[in-house]
Amino acid sequence: MKPKTNLLTILILLGCSLVNVYAALQECEDSQERKRADTPTKYCIKKIDNTICKVQTAGAKKREDSCLNEVGYYFFNDRDILLDSEYLEDKTSISVSVIYKCTKESEGGKTECNEIKDTDLYEVGSDKKYYINVYESNNSMNYQLIKNKCAEADNSEIERQAHLNLGISAPSTTNAIILCTKEEGCIIEDPFNGKTNLDSVVYLNSKDTLIKCIRSGGCKSSSQSEEGYFLTIGDKPLIKCELEDGTISCSLTKAEKSQYYYINSLSNKSVIYCAEEDSCEIYTPPVNSYFLNQKGETTSEAKTPALICCHSKTCKLQEEVIDNGYYLTVDREDESLYKVIHCSKAEGKMTCEIKSSVTSDGYYRNADDNTKASYPLIECDSDKGCTSLKIGKDILPGYYVDVTTGAAEILVCNENSCSSTTSSIYDKELNGNYKFDENKNLKLIIDSTADEDDEKYSGVAANNESLYYFVEVTSSGGFPGVGTNMSTLFKVTNYYIARVIENGIVYVNDNTHKVAEGGTPGTDTTIYTCNKTKKTCSISKSCVSETYLLDVQNSIGYYCNSKGEIVAIDSDGYYLDSSNGSAKKTIISCESGVCKPASSSNYYVNVGSDKSTNPLIYCNSNLCRSTTATSGYYLSSADDSSGNVGIIKCTSTTNCELINNSSIQKKEHYYLNNGTDKIQKALIKCKNRSCTTTSATDGYFMTNDSSILIFCENAVSCSTVNASAGYYNAAITADIGKKIIECTALTNVNCELKEASVGYYVAKTSNILINCFNTPCKAISVTNGIYRSATTQIISSKRETIPGENEEDGVSNEGRATTSVVYNIISCTSTGCNELTTSELLSIPVCTFSNNKCFINNRVTISTSTVSAISAGSYCTNSDRSVIYFATDTVVIDPYIIDGTTSIYTYTTTTTNCIEALEKYSENYYTVGSSIYKVSDSSITQIVNTGYYFINVETNTLVNGNNVENYNNENVKLFKCNDSSCSIVDKPETTSYYADVNKKIIQYNPNSDSYSFAYDESVICIYSNNKCTPKADIKSMEFCITYKGELALVTNDIKSRETGECYKADSISSKIYGLSQYMYVMNAFAAERVVDTAYYVISMSTNSTATIRDYDGRNNSVRVYGCQESKCDIVTPEEGVYYYDKISTYMFRYTQKKWVSPPASGYALVSVDPTDTYINRFSLNNNRTKIDGKVRTGYYFTVDKEMYECDQDKNQCEKITSNGHFFTVSGELYQCVYDSEGLEETECNKKNCIVGQYYYIDSKYYYCGSGYMLSLVSDKTCEFDDRVIINFPVAFSEHYPEKIKNAVESINQVNNSTAMVTSLNGKYVAAVSGVFTNCTYTVEEKDSEFDLVCMNNYVAVNEKTDNVEICSLAHMGYIECVNDDNNPEKCNISGTISRITKGFTFIFSLIISVLFYIYM
């Protein structure tokens, strides 16, 4: 067979077919004859009148009756042989070449035949015996021969025959059956015949072959080998298969009796129920049940089981049925109730029937083998039907009246089983035994010592009445199940006596022994508190006020009021049950005077006395408490009737109400959960009028109010929002599908959960789009990008004539209006997303696209674009905007539209210039300059997400994987993105590390100009507050990487799961410094090794360069790192030294355990790097420091009020170590007091000079200018003719010029005076002064000389007048001297003014001196 199959395959591939090859009948010709009469008859067709005729035998005369004259369908094979009944009689399959339909216009007219090719069921001939089913399969016509056995003359075995329609493939069942009868012939039928309640059906094909149809699986034919019954459709609704002489024979039949059942041989999960003999159906029992099988009887001859047992969703025949057995059967009229089947045996026949009356004078023993061990008794009630009773729950230890056999007997039941009373112990007169008198009255012995007339026995309970007795019983005999001597409560009814084993109370009237409705405990009434676990009841004569009690057995709730009185609860609602007297309270549910325990889960509306303060009751695992409430929603308990869980709505702290299940919308919606589990399950989900708490996912949820939504940021943070018109991303739930929330606002806002279209929606939240290309839709955060919207708009436009267009046909399109449905385009920036306006949409260029090549097409009506080219990184679309094309290179106008060339590609080396925005490109990264783009389903996004990207710009791929050579590819560029833009990173000059977006640590080595993996395996760590906890050991490694992919610098080795110090920047834009083996300047994802000789003054709180806020007045706020090339260490600050950070240009020093900045510009001892500490001049501007440079040799008074002596040659500055006057290089004179013992700080005080006068210091002349600053005399302050005052500081007297020394000594000896100006205060320089003139300045040497006129108080004789004159500074020369009355050896200045030369400098000096000396 295999070679033939291969040949068939080859022929099919060549376009040939071995079966049903189409070939119409040959045209009839006069010369056409059969060679021999014994060959099969062939036919031909006359083209003149479309008549089909036989091909004549040789020598035969042509006759008219040799043509086909009957109307109908005629089938021919490829040999032109007619496939009629005679031909088909022994055939099982056929090959058909052509079909003709022959018709007549009128009776007696000619027959005209036409070829047909329609699929259908066609009758062959007119005797209903043969049909051909024509169907199409695999693009060819196929033919199925149908033989109708029902139409055979000798048929006696089948009345209705079914065939599979081979033209229908599973799982479809539509028209899957060809049904044949003798009268109707064969027709195509739906197997289920329109009966929607049927899921399966069986048809008879032959005596041993059935066609079985499953609605969800199709139809198939199968041989039957076992006995059984099947449901079919027809007036005989059953197929019965039985053994006849060892062979299976199946036939159609009616049901033997109405309202009986049959085992369904097609499925053991259901039975066949026949309401009438000719009307049956499939019935799947909803509960365990017995059914009457066929006739409901078993005889020794038939041996057909009388019952069908359906248990645990499996049905089978009940082989053993016991005499006087009772079985539960579901009530078909009310499936919530049971009836009872009674089976009895008489004369060798077991007959079962449903009891018409369900009232009884006791209990029936359950005969069901599946349940009788746990449910030994059946109780029947006229209203509630019959039910089996469970031992230990419904059947408590006690005595029960058994009426199974028709005669009342007593069953004794303990905690495990029930049995007949055969023990003689129950004949004894003991407390707890029973008495069943001749009137069938059941009594309890309550006091065996009493006389019979003196309450020895309990009373006789009336129907539906219970009596209660507190009886003392012993373990040696008496009541079943009592193992110790005890006193407890017993319940007596007319059909049973049982020990009360229940949680709750029984409130009993001491006189009537009936349940009391109210009163004060202790006065003719008693409260019996019962414990189910201990199986006892105790007596109480009082109750706790403001509590609620429940009598479970009698469904009565009680309220113990503030007076200690008990009243029956008459208000519907829920109460906190205090019956057991412990802290473990449950719920009492009361409705229409009937109270019972509730399920005790979730929340209830409290109607108890404390409802004003605690409006709710909360239960968890049957532990309940009343509780406060806040406005919101709470999950309520399950509804008793429907089982649906509802909600409670609280509008205030005192007002809560249950929302009825019928009021809850059927569609899915949500509420904010206000219950105790709101942290784990933030929402209440309601669907099909039942609710449950559920965890939240991020997104929006529908509420019961169409204008309000719930927004959840995460699983625990949810809130309601007032919706506005627009789209919201539906939160992802298990059955969400592809959905979107659309809110419209005509008059009021109305939100609906709708099926989403493919594309993107603009969400109401800024920079959020809803991506509905996949299922479910998902909200995505976007910044810069273009997205094809899921929405469309209709654009109307007028087409303008383009020169040269349609010139050949003379048709003008000018002004022709067109309308187009086009997709909207969404544009997103960092400030939000918006759909483009119509004009913006029209301005987008339209492109033609083929093989990744785009051309601009400006002829389309939906575009107003007139651009001639778009650059790489731009985009265009197709005509309806449904497809977006990303330009990878320049796109120009289509050369077929206007003349042009395409050789203008500037970005790629190929002839492609665009790609279609498809998912297959979503892993690629396209770069244009420093911009990065990603392309996916109808979207182009510009990547700016924070991180470092190694991108191969040739292959447009992000470098990843474990092959480091991929990072060193010449086409790889490193991009740095900071959430707003990206830039290309130049290769650094020092060793650097990068944590790229793939969370790999990459090291760059500038020496080899190459990248490498920093470590064989990077260590993941958790960072918090300058501490790192690694997932694995960090050993000989400087870096670990956080779960977010950030780079952290560790200072030392850290063991796994332990914590150590580390550094990490906050963002990619921030800059910090950290020290490990080397020092690095870092952002959150990169670290560059510091190779420099300098200081880095770092804030200890931020690890970044310290600012002014980190210094002044703060201690331990900064840390100084000193670097010499790549070697960096933490510097212990030296007192009094300023450390200069050239990065921040801040300068600070550490003194008295605090960091301080310089108070002003000036001089200071500055360390600019670890190799250089020296006095520098600096200036401040907004606290920033400018180092003006090192000072030359000399004395310097710093801004910190310290005097230093610097030696430029030795590059050394030291503080002074002696007292004295010090003249600084800056021109200031200080007097310093030095404490040699080091107990006090050296104190220096500046000595002022007299502005406008001159000073002689260190053999140089200085001029005193503004600010009391002394500067070397220059040509500007040196005038030859002027007289000036020159002061010679006393501190430097040893260095006076000789003539000055002599003059000073002469003044002292001759005039008994001094050359010092004694009237000066201590702020000024103490000096001897004199008048000088004839200043000469030597430019080359920058030196000056003066001629002495006279020294202050110097006395001389005027050679011209012989008068004694004295030198006066105020008069700039000599003046008449008068005797000093107080000092005979001294003369003083008179009031006469000598003649002096009055140059400018002289006049200025004179004025200053006169004023100075007058006001001193």
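Residues numbered from 1 in each chain as written. Predicted model: local features only at pLDDT ≥ 70, side-chain atom pairs only at ≥ 80, totals over all residues. Heavy atoms only, no water.

Explain the overall build of the protein to me, please; I cannot follow it from the model alone.
Looking only at helices and strands, the protein has five helices and 119 strands in total. Its C-alpha atoms give the protein a radius of gyration of 58 Å, more than 25% over the compact-globule value 35 Å for 1416 residues. Each principal axis of the C-alpha atoms in the protein carries an extent, and together these give about 185 × 130 × 65 Å. In the protein, buried positions account for 46% of the 1416 residues. Long-range pairs, those at least 24 residues apart, make up 47% of the contacts in the protein between residues at least 6 apart in sequence. (Helix = DSSP H or I, 4+ residues; strand = E, 2+ residues; numbered from the N terminus. Rg over C-alpha atoms; globule rule 2.2 N^0.38 Å. Buried < 20%, exposed > 50% of the residue type's maximum accessible area, 1.4 Å probe, protein only. Contact = heavy atoms within 4.5 Å.)

Hey, could you run me through the pairing of strand S79 (residues 939-943) in this one?
Remember that side chains alternate between the two faces of the sheet whenever the strand is regular. Of all five residues making up S79, four are buried, and the element is well covered by its neighbours. Bridge analysis of strand S78 (residues 931-936) against S79 gives five bridges, and the strand direction is antiparallel. Along S79, the bridge assignment pairs Val935 with Ile940. Hairpin connection of S78 to S79: two residues between the antiparallel strands, including Ser938 at a positive phi of 50°. (Pairing = 2+ DSSP bridges.)

How do you make sense of the sheet that holds strand S80 (residues 947-952) when you look at a structure like this?
Each strand in a sheet pairs with another by means of backbone hydrogen bonds, the pair being arranged parallel or else antiparallel. Strand order in the open sheet made by the four strands is S81-S80-S82-S83, with antiparallel pairing throughout. Each of the sheet's edge strands pairs with one partner strand only, and the pair in question is strand S81 (957-958) and strand S83 (982-984). Note that S80 and S81 share two bridges and pair antiparallel. Residue Asn952 lies in a different strand from S81, and its bridge partner there is Thr957.

Would you mind showing me how to read empty space enclosed by the protein here?
Where empty space is left in the structure can be found by rolling a water-sized probe over the atoms. A complete count under the given rule lists four cavities of 30 Å³ or more for this structure. Counted as a void, the largest cavity has a volume near 80 Å³. Taken together, Glu668, Tyr670, Tyr700, Phe701, Met702, Ala730, Ala731, Thr733, Ile736, Ile741 and Leu753 make up the full set of residues lining the largest cavity. Per element, the largest residue contribution to the lining of the largest cavity is three residues, and it comes from strand S58 (residues 699-702). Counted by class, the lining of the largest cavity contains nine nonpolar, one polar and one charged residues. Computed from the structure, the second largest cavity encloses a volume of approximately 40 Å³. Lining the second largest cavity are Val500, Glu502, Asn503, Gly504, Ile505, Val506, Cys530, Asp551, Val552 and Gln553. Top contributing element to the lining of the second largest cavity by residue count: strand S39 (residues 504-509), with three residues. Taken together, the residues of the lining of the second largest cavity break down into five nonpolar, three polar and two charged. (1 Å grid on protein atoms, 1.4 Å probe; cavity = no way out; pocket = protein on both sides within 12 Å on 5 of 7 lines; lining within 4 Å. Points joined across faces, edges and corners; volume = space filled by probe spheres on them. Nonpolar A, V, L, I, M, F, W, Y, C, P; charged D, E, K, R; others polar.)

Mind showing me how you'd approach the packing of aromatic side chains here?
A ring pair, where both rings are aromatic, is described by two values, the distance of the centres and the angle of the planes. Scanning the model with the defined rule gives 59 aromatic pairs in all. Between Tyr400 and Tyr496, the ring centres sit 5.4 Å apart and the planes meet at 10°, which makes this aromatic pair stacked. Residue Tyr400 is found in strand S31 (residues 398-402), and its partner Tyr496 is found in strand S38 (residues 496-499); the two are separated by 96 residues along the sequence. Of the two residues, Tyr400 and Tyr496, neither departs from the other in class, the shared state being buried. Look at Tyr1073 and Tyr1096: their rings are 5.2 Å apart centre to centre, the planes differ by 40°, and that puts the pair in the tilted class. Residue Tyr1073 is located in strand S92 (residues 1072-1075), and its partner Tyr1096 is located in strand S95 (residues 1094-1099); the two are separated by 23 residues in the primary sequence. (Phe/Tyr/Trp six-rings, centres within 6.5 Å; stacked < 30°, edge-to-face > 60°.)

Is there a simple way to explain the side chain of Asn824 in this structure?
With respect to the helices and strands, Asn824 occurs in strand S68 (residues 816-829). Polar side-chain contacts of Asn824 include one of 2.6 Å to the side chain of Gln793. The residues touching Asn824, leaving out its near neighbours within four places in the chain, are Tyr787, Arg788, Ser789, Thr791, Thr792, Gln793, Glu835 and Leu841. (Polar contact = N/O pair within 3.5 Å; in protein donor to acceptor, adjacent residues only side chain to side chain.)

Sorry if this is basic, but what is going on with the sheet that holds strand S9 (residues 160-164) here?
With antiparallel pairing, three strands are arranged side by side in an open sheet as S9-S10-S11. One side of each edge strand has no neighbouring strand; the edge strands of this open sheet are S9 and strand S11 (185-189). On average, each strand axis in the sheet is inclined to that of its neighbour by 25°, with strand direction left out of account. (Axes fitted to C-alpha atoms, helices over the stretch in contact; angles between N-to-C directions.)

Help me out: how do you make sense of the nonpolar core in this one?
Burial of nonpolar side chains together is a common tendency in soluble globular proteins. Among the nonpolar cores identified, the biggest contains 51 residues, and Phe950, Tyr994, Phe1039, Met1079 and Tyr1096 are the most heavily contacted of them. Excluding anything up to four places from it in sequence, Tyr1096 contacts Tyr1073, Met1079, Val1090, Arg1119, Val1120, Tyr1121, Cys1123, Asp1141 and Ile1143. Counting residues in each nonpolar core, the second largest holds 38 residues, with Val271, Tyr338, Ile410 and Phe490 among its members. (Core = buried A, V, L, I, M, F, W, Y, C linked by side-chain atoms within 4.5 Å.)

I tried to follow the layout of surface pockets on my own but got confused; where do I start?
Here the largest pocket defines a volume of roughly 1,400 Å³. Surrounding the largest pocket, 32 residues form its lining, Tyr363, Glu379, Lys384, Lys491 and Tyr496 being those nearest its centre. Of all elements in the fold, only strand S29 (377-381), strand S30 (385-389) and S38 reach the threshold of two or more residues within the lining of the largest pocket. The residue inventory of the lining of the largest pocket, partitioned by class, reads 10 nonpolar, 13 polar and nine charged.

Looking at this structure, I do not really get the environment of Ser719. What am I missing?
Inspection of the secondary structure puts Ser719 in strand S60 (residues 718-722). Considering only alpha carbons, one finds Ser719 and Ser789, 70 residues apart in sequence, at a separation of 28 Å. Beyond its immediate sequence surroundings of up to four residues, Ser719 is in contact with Leu672, Leu709, Ile710 and Phe711.

In this structure, what is going on with the environment of Cys386? I would like to understand it.
In this structure, Cys386 sits in strand S30. For the pair Cys386 and Pro895, spaced 509 residues apart in sequence, the C-alpha separation works out to 91 Å.

What exactly am I supposed to notice about the state of the cysteines here?
One covalent bond between the sulfur atoms of two cysteine residues makes up a disulfide. Following the criterion strictly, the structure yields 33 disulfides and no others. Covalent S-S linkage joins Cys590 and Cys595, the inter-sulfur distance amounting to 2.0 Å. The sign of the 115° torsion about the S-S bond sets the Cys590-Cys595 disulfide as right-handed. Residue Cys590 shares its accessibility class with Cys595, and that shared class is buried. The residue that forms a disulfide with Cys1028 is Cys1062, at a sulfur-sulfur distance of 2.1 Å. (Disulfide = S-S within 2.5 Å.)

I'm lost on a negative patch on the surface in this one. Help?
A surface patch of negative charge is lined by Glu86, Glu89, Glu152, Asp154 and Glu157. Overall, the relative accessible area of 67% leaves Glu86 in the exposed class. (Patch = residues over 30% accessible without salt bridge, like charges linked within 9 Å, V, L, I, M, F, W, Y side chains within 5 Å. Areas by Shrake-Rupley, 256 points an atom, 1.4 Å probe, with all protein chains shown as cover. Salt bridge = Lys/Arg side-chain N within 4 Å of Asp/Glu carboxyl O. Lys, Arg positive; Asp, Glu negative; His and termini not counted. Charge placed at Lys NZ, Arg CZ, Asp CG, Glu CD.)

Help me understand the side chain of Ser200 in this model?
Topologically, Ser200 is positioned in strand S12 (residues 200-206). The exposure class assigned to Ser200 is buried, which follows from its relative accessible area of 13%. Beyond its immediate sequence surroundings of up to four residues, Ser200 is in contact with Phe192, Cys213, Ile214, Leu266 and Ile282.

I'm lost on the pairing of strand S25 (residues 325-330) in this one. Help?
Judged by how many residues are buried, S25 sits mostly within the fold: six of six residues are covered. Across the two faces of S25 the burial is the same, with Gly325, Tyr327 and Thr329 and Tyr326, Leu328 and Val330 all buried. Across six bridges, S25 lies against strand S26 (residues 338-346) in antiparallel orientation. The partner of Leu328 across the bridge, within S26, is Val340.

Can you walk me through unusual backbone geometry in this structure?
Glycine aside, negative phi is the norm for most residues, and most peptide bonds take the trans geometry. The peptide bond linking Ala170 to Pro171 adopts the cis configuration, its omega dihedral lying at 10°. Along the chain, Pro171 falls in the loop between S9 and strand S10 (177-181). With an omega dihedral of 0°, the bond running from Thr775 to Pro776 counts as a cis peptide bond. In this fold, Pro776 is placed in the loop between strand S65 (768-771) and strand S66 (778-781). Positive phi is not limited to glycine here, since Ser938 has a value of about 50°.

When you look at the pattern of salt bridges in this model, what are you seeing that I'm missing?
Charged atoms that come close allow side chains of opposite charge to pair. Tallied over the full model, the rule gives 25 salt bridges. For the salt bridge of Glu755 with Lys739, the shortest nitrogen-to-oxygen distance reads 3.8 Å. Of this pair, Glu755 sits in strand S63 (residues 749-755) while Lys739 sits in strand S62 (residues 739-745), and the two are 16 residues apart along the sequence. In this structure, the salt-bridge partner of Asp1009 is Lys987, at a minimum N-O distance of 3.0 Å. Residue Asp1009 is located in the loop between strand S85 (1001-1005) and strand S86 (1010-1013), and its partner Lys987 is located in the loop between S83 and strand S84 (992-995); the two are separated by 22 residues in the primary sequence. A relative accessible area of 47% places Lys987 in the partly exposed class. One salt-bridge network, in which partners are shared between bridges, spans Glu668, Lys685 and Lys687.

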